[in-house]
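Summary of the model geometry
Here is how the chains run, residue by residue.
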Amino acid sequence: MESVAGKRVLITGAAMGLGKSFAQRAVRERAADVVLWDIDESSLKQTADELSEGTAARVHRYVVDVSDQQAIIDAAAAVRSEVGDIDILVNNAGIVRGNGYFWETENRADIDKTMAINSLAPMYVALEFLPAMVERRLPARVLNIASSAGLVANPRMSVYAASKWAALGWSDSVRLELEQSGNEHVKVTTVCPTYINTGMFDGAKGFLFTPILEQEEVVDTSWREMKKGSPLVVLPWTSRLNRAITGLLPLKVRDFYLNAVGVYHSMDEFTGRKR
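Residues numbered from 1 in each chain as written. Predicted model: local features only at pLDDT ≥ 70, side-chain atom pairs only at ≥ 80, totals over all residues. Heavy atoms only, no water.

1. Topic: the packing of aromatic side chains
Per the stated rule, a full pass over the model turns up three aromatic pairs. Geometrically, the ring pair formed by Tyr101 and Trp103 is stacked, given 5.0 Å between the ring centres and 15° between the ring planes. Just above the ring of Tyr101 sits the side chain of Arg156; from NZ or CZ to the centre is 4.4 Å. (Phe/Tyr/Trp six-rings, centres within 6.5 Å; stacked < 30°, edge-to-face > 60°. Lys NZ or Arg CZ within 6 Å of the ring centre and 35° of its normal.)

See below:
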């Protein structure tokens with residue numbers, strides 16, 4: 001897929017950050033329809049208005065709480081009725097809550113919300129649009145934004161890491177299912193970046209040879225690899241190295257290495273996005 005021109009693109013978490021940048025790419029490549037989902041109504045409207053200026057693309061916005069399965073079902077039905085079948089799905093919505101040790105969790109609802117948005121929502125959203133992608137036999141793409149936290153365990157982000165391990169395992173399994181069932185016209189790409197300067201991980205620290213990633217660099221790489229149909233994108237190269245080390249070294253040696261290079265202390269001063 002050289003371009004998304006003429007395609008229908010749906011992006012979750014589209015009001016700001018990576019989601020907004022993905023929407024800008026879709027508009028720039030002359031997508032026919034760009035569908036924006038987000039829970040933040042005011043930011044969503046502002047983004048939709050900005051994207052609609054000077055473009056032929058039809059920009060649609062839906063206020064959707066993707067932690068609510070029924071909200072996903074209702075919004076998806078509205079999209080199918082008002083826009084049509086989706087060609088490219090970008091599961092981008094995500095949250096991170098808390099910055100302490102797991103046993104210090106005060107609000108158990110944060111656990112449920114994190115798992116619902118980061119793990120279950122991509123599944124439920126894909127379930128609404130993937131069957132038609134398979135049936136139509138036309139080139140289609142699913143881009144799932146996971147995290148390097150789904151590759152290597154990290155202190156002070158246990159629930160977030162759990163949610164991204166689940167997202168990664170599900171996403172790559174669906175890719176294999178599509179390949180084995182002869183439905184390779186639908187490609188699934190899973191992206192696992194380290195911390196990105198979107199504000200979501202304010203206070204987190206980069207570590208050896210691994211600075212905080214630039215948002216536009218992550219979006220450019222993800223968008224390019226999605227169109228190519230690449231199965232897995234790990235950013236930056238040090239995350240690929242850490243992933244290999246995790247699988248090769250004895251556990252205590254691995255822990256010593258990751259602690260020494262700073263991975264295990266990268267969340268010590270995390271504050272998160274200011275509200």
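2. A word on helix α2 (residues 41-52)
Compared with the 16 Å implied by 1.5 Å per residue over 12 residues, the 16 Å span of α2 between its first and last C-alpha is a close match. If you check which residues of α2 are buried, you get Ser43, Leu44, Thr47, Ala48 and Leu51. On an axial view of α2, the arc spanned by its buried residues comes to 135°, and they lie on one face. Seen from the open side of α2, the exposed residues pointing more than 90 degrees away from its buried face are Glu41, Ser42 and Gln46. Directly after α2, the chain includes Gly54, whose backbone phi takes a positive value near 65°. (Helix = DSSP H or I, 4+ residues; strand = E, 2+ residues; numbered from the N terminus. Expected span 1.5 Å × (residues − 1). Buried < 20%, exposed > 50% of the residue type's maximum accessible area, 1.4 Å probe, protein only. Arc of directions from axis to C-beta.)

3. A few points about unusual backbone geometry
The residue after Leu235, namely Pro236, is reached through a cis peptide bond having omega -10°. Tracing the sequence through the fold places Pro236 in the loop between β7 (232-235) and α7 (237-248). With a phi close to 65°, Arg137 is a non-glycine residue in the positive phi region. Mapping Arg137 onto the fold places it in the loop between α4 (108-136) and β5 (140-145). On the basis of relative accessibility, which here comes to 48%, the residue Arg137 falls in the partly exposed class.

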